[in-house]
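Survey of secondary and tertiary structure
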Amino acid sequence: MDNTLKNFYLEKNFGLFVGTLINNRPHSHYAFQVSVNFVDPLILTTNREKIAGAAFFINSKVTHKLESPDFHLTILINPLCSLGHKLRLTFGNTDVTALPEDLSHELKTLLESYCSRHLQFKDFIKKVTGVFQDFNGTPLYKSLNKEDSRILNALTYLDSNFDRVVSLNEIAALCSISETRFLHLFKETTSLNFRRFQLWNRLINSIPHLKELTITETAHMYGFTDSSHYCRPLQRRLD
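This section reports on the structure supplied with the text. (Residues numbered from 1 in each chain as written. Predicted model: local features only at pLDDT ≥ 70, side-chain atom pairs only at ≥ 80, totals over all residues. Heavy atoms only, no water.)

**Quick notes on a negative patch on the surface**
What counts is decided by this rule: In this scheme, patches are assembled from residues that exceed 30% relative accessible area and form no salt bridge. Like charges are connected within 9 Å, while nonpolar side chains (Val, Leu, Ile, Met, Phe, Trp, Tyr) are connected within 5 Å. Areas reported here follow the Shrake-Rupley algorithm with a probe of radius 1.4 Å; residue values treat only the protein chains shown as occluding. Here a salt bridge means any side-chain nitrogen of Lys or Arg lying within 4 Å of a carboxyl oxygen belonging to Asp or Glu. Charge assignment in this entry is limited to Lys and Arg as positive and Asp and Glu as negative, and neither His nor the chain termini are counted. The atom standing in for a charge is NZ when the residue is Lys, CZ when it is Arg, CG when it is Asp and CD when it is Glu. Segments assigned H or I by DSSP are reported as helices when at least four residues long, segments assigned E as strands when at least two residues long, and all are numbered from the N terminus. Residue exposure (1.4 Å probe, protein chains only): buried if accessible area is under 20% of the type maximum, exposed if over 50%, otherwise partly exposed.
Together, Glu 101, Asp 102, Glu 106 and Asp 134 make up a region of like negative charge exposed at the surface. In this fold, Glu 106 is placed in helix H2 (residues 101-115). Note on Glu 106: relative accessible area 37%, which makes it partly exposed.

Structure follows, in structure tokens:
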């Protein structure tokens, strides 16, 4: 397939790559991963198994090796955005699972359209993003309990207000629970304390600016004193 089709896209909570993976090494990362192919199966190796399939969800920090000699689509999603929380609630704590057929079919159809040049890359991005926006807006495959709903609402609100510090009092009131209960529930669900999450949210929202600005310029824009203070928490979270 034409190598000019290879492409990469990154925004604050979402990134995607279209291309081949031949000499990939075992690795892990903080992001959730969704990978699909429409021709030959993807070969996925974890510490537990080696499996072939057309579409996978790979959980955060799961060591894996993905191989695809044909063009495939890999999507990386921030676990601490509202879509990431929805994926966590849908797929639970499983290391690797097959995507639901409806989601898999939509993504494979779009990938095939892009690879056959029926879609320009910018239109491909828009449609893939739309698929996940629709997924985020549909009822959960699992029932949503009150505590899950509260955290989902909190993450959506924090993502919409990333440019300011949201007080503990404000977010607890939004969730209709005490400040102490909110802090416990938030840490239990996201593995981050509330203060640390707001720092992480600021970092995530800064990433798209790195395409046009230097690290130092981006750091200053988002309130960090220098590039080392900007990079240190990002590196800690990604490791």
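Once you've had a look at it, read on.
**What about the pattern of salt bridges?**
If you walk through the whole model with that rule in mind, you get one salt bridge. Between Asp 95 and Arg 48 there is a salt bridge; the shortest N-O distance is 3.7 Å. Here Arg 48 lies in the loop between strand S4 (42-46) and strand S5 (50-53) and Asp 95 lies in the loop between helix H1 (82-91) and strand S8 (96-98), a separation of 47 residues in the sequence. A residue is classified by how much of its surface remains accessible, and Asp 95, at 28% relative accessible area, is partly exposed.

**With respect to the packing of aromatic side chains**
To keep it simple, the criterion reads: Aromatic rings from Phe, Tyr and Trp, with only the six-membered ring used for Trp, were paired whenever their centres fell within 6.5 Å, and each pair was classed as stacked if the ring planes differed by under 30 degrees, edge-to-face if by over 60, and tilted otherwise. The rule for a charge over a ring is simple: NZ of Lys or CZ of Arg within 6 Å of the ring centre, and within 35 degrees of the ring normal.
As enumerated under the stated definition, the model contains 10 aromatic pairs in all. On the numbers, 4.9 Å between centres and 20° between planes, the contact of Tyr 114 with Phe 124 is stacked. Residue Tyr 114 is found in helix H2, and its partner Phe 124 is found in helix H3 (residues 121-137); the two are separated by 10 residues along the sequence. Comparing Tyr 114 with Phe 124, the two get one shared label, buried. In textbook terms, an aromatic cluster arises when at least three aromatic residues are bridged by ring pairs, as seen for Phe 182, Phe 186, Phe 194 and Phe 197. Positioned over the ring face of Phe 135 is Lys 86, at 5.0 Å from the centre of the ring.

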